[in-house]
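Each chain, written out:
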Amino acid sequence: MTLSPPAAMAKGTLSRQLVVRTTALVAAATILLSLVTGLASFQILQAQLDGRLESALRAWGPGSFPGETKPGDPEGSGLIRIEQRGTEFIYTDVLTESQVVALAAIDPDSTPVTMAIEGLGLYRVQVSHRQGRISVAALPFSAVTTPLTRQLMMAALLTLGSIALAGFGARQVVESSLRPLRRLAGTASQVAGLPLASGEGNLPVRVPQQDADPASEVGQVGVAFNQMLDHVEAALEARHRSETKVRQFVADASHELRNPLAAIRGYAELTRREQDLLPANTAHALARIESESDRMSGLVEDLLLLARLDSQPTLALQPTDVTQIVLNAVNDARVAGAGHRWGLDLPDEALTAHADPFRLHQVVANLLANARVHTPAGTTVVTSLRREGEQVVIRVTDDGPGVPAEIRDSVFERFTRAEASRVRHEGGSSTGLGLAIVAAVVAAHGGTVTLESPPGSTTFVVRIPAAFSPTSDGRTVPNS
Ligand SMILES: Nc1ncnc2c1ncn2[C@@H]1O[C@H](COP(=O)(O)OP(=O)(O)OP(=O)(O)O)[C@@H](O)[C@H]1O
Ligand SMILES: [Mg+2]
């Protein structure tokens, strides 16, 4: 699975988290700052207002009232004055009697209070009790609220501005800081997409020098990553070398065994012609030598073929009538396995593919041989051929006992065969190479072979692309 990098600010990304957290932090700090300065301003403004009340009260002498607007009553300040003389009240003419009663009820010894005067709004009020005289001074509280509101609005605008700026700035910084990390992730997923299980082991991908500078944290990861890739490359190359050696050995050994085997078979055949002259058990022994050397020749040919398919599959690709191949293979199987029922399901028109006819025949023949050899007499084997999209699909289905569960996962590997097959074919020809050859030939054609085994039926499905073109290195890949 290769990972595609997430979009820059996608949900769950580190960059998004960093930007969101930084912005939230800046927002919290500016809001807190605005609140604290707002509170301080409130206290200062209120203290100023109280000072004005205090000085107004101090300035008012026992002089005449009303008519005396000064001192302590600058024009437009909205200062209200009430003087109590005995039981009589003298007051600023904006006041009604009930307002005067409410104001005069304030405790003369208290500190200034803020109160709502009905019809006039919020006022800051102070009462003084001096030389038997009770004076009440009140100033509109808007002297505090108006500048404070203005200040809070400014602060709100500033807060919004700084949040936007912090968001934008954090995004720029985070994105540029995380860019090397993204490139590193890109390199890692490039490596993940390489077919490391096959090939010669060279790893052409490295973290670029600019992202492998040990001075930074990301650079250290880059350096470590490159070192790891060096090690992996060395290990893969070593594996490839040893695989090549083993493959070469198998190919050489198989090749070298061919000639002596041919000689043994030749001599055995020669003596068969004169078997009437030989004692019965010598004739039997020679017949066994002949059949076993035949079996060994088959094994050697299989090994040689697998070694060749491994190193460089050379297929004689040509337009091939797959229908004809399937027909021939099933007819051969019918002759070889008269005890089985052989069914055919062919399409109306002939299906052709660019394939190696000899090898493709071997694929179908191996599957049919398995269906014959590994199932009891009476089993029905149906071979079908279809074109599915761009693929030619051959299915060989039998209703026999099925591939034993313990080898189902490894059935296409070399020398995999069930214990029962081993016993059944003791001295016979079960080597466990048939399906390995099927898999290798099909892969060389750019196709796949799979086993489907629902209860009661066993199906081997071969899919090969309907058209092929060979690549320059001799392998074949499907046309895109
Ligand atoms: N149609 C089938 N039904 C049941 N078992 C099967 C079938 N086809 C394959 N097998 C099992 O899979 C094993 C591997 O098959 P494979 O063709 O690779 O080897 P083989 O038939 O044992 O030997 P050979 O090299 O001669 O083909 C067989 O030994 C058998 O146990
Ligand atoms: Mg077989």
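For the structure itself, look to the data block above.
Parameters and conventions
- Sequence positions are assigned chain by chain, starting from 1 and proceeding in written order.
- All chains are assigned letters beginning at A, and all ligands numbers beginning at 1, according to the order in which they are written.
- The predicted nature of this model means local features are confined to residues of pLDDT at least 70 and side-chain atom pairs, given and counted, to a pLDDT of 80 or more, with totals for whole chains, interfaces and linings taken over all residues.
- Derived side-chain values reflect all non-hydrogen atoms in the structure, with water molecules and hydrogen atoms excluded from consideration.
- To qualify as a helix, a DSSP run of H or I must reach at least 4 residues; to qualify as a strand, a run of E must reach at least 2; elements of each kind are numbered from the N terminus.
- Atoms considered for the radius of gyration are the C-alpha atoms alone. The globule rule reads 2.2 Å times the number of residues to the power 0.38.
- Three labels apply to residues, based on accessible area from a 1.4 Å probe with only protein chains included: buried if under 20% of the type maximum, exposed if over 50%, partly exposed otherwise in between.
- Between any two strands, pairing holds if DSSP finds at least two bridges.
- Here, axes are lines fitted to C-alpha atoms. For helices the fit covers the stretch in contact, and angles between N-to-C directions go from 0 to 180 degrees.
- Throughout this description, the term salt bridge denotes a Lys or Arg side-chain nitrogen within 4 Å of a carboxyl oxygen of Asp or Glu.
- Among the buried residues, those of types Ala, Val, Leu, Ile, Met, Phe, Trp, Tyr and Cys that are joined through side-chain atoms within 4.5 Å form a nonpolar core.
- Either an automatic procedure or a domain database provided the assignment from which the domain bounds are taken.
- Contacts are residue-level and defined by heavy atoms, with any inter-residue pair within 4.5 Å sufficient.
- For a helix, the expected span equals 1.5 Å multiplied by the number of residues minus one.
- This arc is built from the directions going out from the helix axis to the C-beta atoms.
- Any N or O atom pair separated by 3.5 Å or less is treated as a polar contact, with the protein-specific requirement of one donor-capable and one acceptor-capable atom, and with residues adjacent in sequence counted only for side-chain atom pairs.

1. A look at the overall build of the protein chain
Here's step 1: A count of helical and extended segments in the protein chain gives 9 helices and 14 strands.
Here's step 2: For the protein chain, the C-alpha radius of gyration of 50 Å lies well beyond 23 Å, the compact-globule estimate for 480 residues.
Here's step 3: Over its C-alpha atoms, taken along the principal directions, the protein chain stretches across nearly 165 × 55 × 40 Å.
Here's step 4: Within the protein chain, buried positions represent 35% of all 480 residues.

2. Looking at the sheet that holds strand β11 (residues 448-452)
The strands making up a sheet associate through backbone hydrogen bonding, with each pair oriented either parallel or antiparallel.
Here's step 1: Reading across the sheet, the 5 strands line up as β7-β9-β10-β12-β11 and stay open at both edges, with mixed pairing between neighbours. In the strand order of this sheet, the two ends are held by β7 (341-345) and β11, each with one partner. Averaged over neighbouring strand pairs, the angle between their axes works out to 15° when direction is ignored.
Here's step 2: Sheet analysis places β7 next to strand β9 (residues 380-388), joined by 5 bridges and oriented parallel. Residue pairing across strands places tryptophan 342 opposite valine 381, the latter belonging to β9.

3. Details of the pattern of salt bridges
Here's step 1: In the structure shown here, the tally under the stated rule is 20 salt bridges.
Here's step 2: Salt-bridge contacts for glutamate 175 lead to arginine 171; the nearest nitrogen and oxygen are separated by 3.7 Å. Of this pair, glutamate 175 and arginine 171 both sit in helix α3 (residues 142-192), separated by 4 residues, roughly a single helical turn.
Here's step 3: Judged by relative accessible area, which is 24%, glutamate 175 ranks as partly exposed.

4. Some thoughts on unusual backbone geometry
Here's step 1: One non-glycine residue, phenylalanine 415, lies in positive phi territory at about 60°.
Here's step 2: Structurally, phenylalanine 415 can be placed in the loop between β10 (391-398) and α8 (419-424).
Here's step 3: The partly exposed category is assigned to phenylalanine 415, whose relative accessible area is 45%.

5. Here we look at the sheet that holds strand β5 (residues 133-140)
Here's step 1: Taken in spatial order, the 5 strands line up as β2-β1-β5-β4-β3 in an open sheet, and their pairing is antiparallel. Two strands close off the open sheet at either side, each with one partner strand: β2 (88-91) and β3 (113-117). Put simply, the sheet's adjacent strands are angled 30° from each other on average, direction ignored.
Here's step 2: As defined by bridge partners, strand β4 (residues 121-130) adjoins β5 across 8 bridges and the pair is classed as antiparallel. Residue pairing across strands places arginine 130 opposite arginine 133, the latter belonging to β5.

6. So, the nonpolar core
For soluble globular proteins, nonpolar side chains are generally found buried alongside one another.
Here's step 1: If you look at the biggest cluster of nonpolar residues, it comprises 45 residues, and the most contacted ones within it are Val322, Leu367, Leu368, Val392 and Val462.
Here's step 2: Top contributing element to this core by residue count: helix α9 (residues 434-444), with 8 residues.
Here's step 3: The residue makeup of this core includes at least three contributed by each of domain 2 (194-311) and domain 3 (318-478).
Here's step 4: Excluding its chain neighbours within four sequence positions, the residues that come into contact with leucine 367 are Val396, Leu435, Val438, Phe460 and Val462.

7. Details of the side chain of glutamate 233
Here's step 1: Here glutamate 233 shows up in helix α4 (residues 217-273).
Here's step 2: With residues near it in sequence (within four places) discarded, glutamate 233 still touches Gly201, Asn202, Leu203 and Arg206.

8. Things to note about helix α6 (residues 322-336)
Note: α-helices contain 3.6 residues per turn, so residues at a spacing of three or four share the same orientation.
Here's step 1: Relative to the 21 Å expected for 15 residues at 1.5 Å per residue, α6 spans 21 Å between its end C-alpha atoms, a close match to the ideal helical length.
Here's step 2: Restricting attention to buried positions, one finds in α6 the residues Val322, Thr323, Ile325, Val326, Ala329, Val330 and Ala333. The buried residues of α6 all sit within an arc of 160° when viewed along its axis, so they share a single face.
Here's step 3: Looking at the buried positions of α6, the neighbouring elements they touch are β6 (318-321), β7, β8 (352-355), α7 (357-373), β9 and β10.
Here's step 4: One side-chain oxygen of the residue at the start of α6 lies 3.1 Å from the amide nitrogen of threonine 323, identifying that residue as aspartate 321.

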